[in-house]
Amino acid sequence: MEEATIHEEIKTLKAKLTGNLFEDGETQQAIYELKKQLQPEIENQPELDNYEDEDGCLYCGS
């Protein structure tokens, strides 16, 4: 998958987020899997996840 396509898919998935952690779990996981395609090293070093429009990290839930 091309980088631009991955960014579009992430944007689409983010639009589906409700703010409810339990309802958004699968969507958040799909976003994370796409982000790993862009930056595989975040799997072992989550602090490297610097996706440009992130408000908080997936791990701490902020």
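Our structure's up above, just so we're on the same page.
In this text, all values refer to a predicted model and were calculated from it rather than measured experimentally.

Engineer: For this particular structure, what's the right way to read the overall build of the protein chain?
Structural biologist: Each helix and strand counted, the protein chain has two helices and zero strands in total. Each of the 62 residues in the protein chain was classed as buried or not, and the buried ones make up 23%. Of the roughly 4,700 Å² that the protein chain leaves accessible, carbon and sulfur atoms contribute 48%.

Engineer: What is the right way to look at the nonpolar core in this model?
Structural biologist: Within soluble globular proteins, side chains that are nonpolar generally end up buried alongside one another. Core analysis: the largest hydrophobic core is formed by five residues, namely Ile6, Ile10, Leu13, Ile31 and Leu34. Of all the secondary structure elements, the ones that give two or more residues to this core are α1 (3-15) and α2 (25-38). Apart from the residues lying within four places of it in its own chain, the contact partners of Leu13 are Thr27, Ala30, Ile31 and Leu34.

Engineer: When you look at α1 in this model, what are you seeing that I'm missing?
Structural biologist: For the α-helix, the turn length of 3.6 residues means that residues three or four positions removed from each other point alike. Its 13 residues give α1 an end-to-end C-alpha distance of 19 Å, which sits within 8% of 18 Å, the value for a rise of 1.5 Å per residue. Buried residues along α1 sit against α2.

Engineer: I would appreciate a short explanation of the side chain of Lys36 in the present structure.
Structural biologist: Note on placement: Lys36 falls in helix α2. Apart from the residues lying within four places of it in its own chain, the contact partners of Lys36 are Ile42 and Glu43.

Engineer: Before we go on, may I ask you to explain the packing of α1 against α2 in this structure?
Structural biologist: Packed helices, taken two at a time, are described by the angle between their axes plus the distance between the axes. Following both chains from N to C, one finds α1 and α2 inclined at 160°, their axes separated by 10 Å at the closest point. By the angle between their directions, the pair α1 and α2 is classed as roughly antiparallel. As α1 runs across α2, the sense of the crossing is left-handed. Side by side, α1 and α2 meet where Glu3, Ile6, His7, Glu9, Ile10, Leu13 and Lys14 of the first sit next to Thr27, Ala30, Ile31, Leu34, Lys35, Gln37 and Leu38 of the second.

The rules we used
Residues numbered from 1 in each chain as written. Predicted model: local features only at pLDDT ≥ 70, side-chain atom pairs only at ≥ 80, totals over all residues. Heavy atoms only, no water. Helix = DSSP H or I, 4+ residues; strand = E, 2+ residues; numbered from the N terminus. Buried < 20%, exposed > 50% of the residue type's maximum accessible area, 1.4 Å probe, protein only. Areas by Shrake-Rupley, 256 points an atom, 1.4 Å probe, with all protein chains shown as cover. Core = buried A, V, L, I, M, F, W, Y, C linked by side-chain atoms within 4.5 Å. Contact = heavy atoms within 4.5 Å. Expected span 1.5 Å × (residues − 1). Axes fitted to C-alpha atoms, helices over the stretch in contact; angles between N-to-C directions. Parallel < 35°, antiparallel > 145°, perpendicular 65-115°, else oblique. Left-handed = near helix turned anticlockwise from the far one by under 90°.

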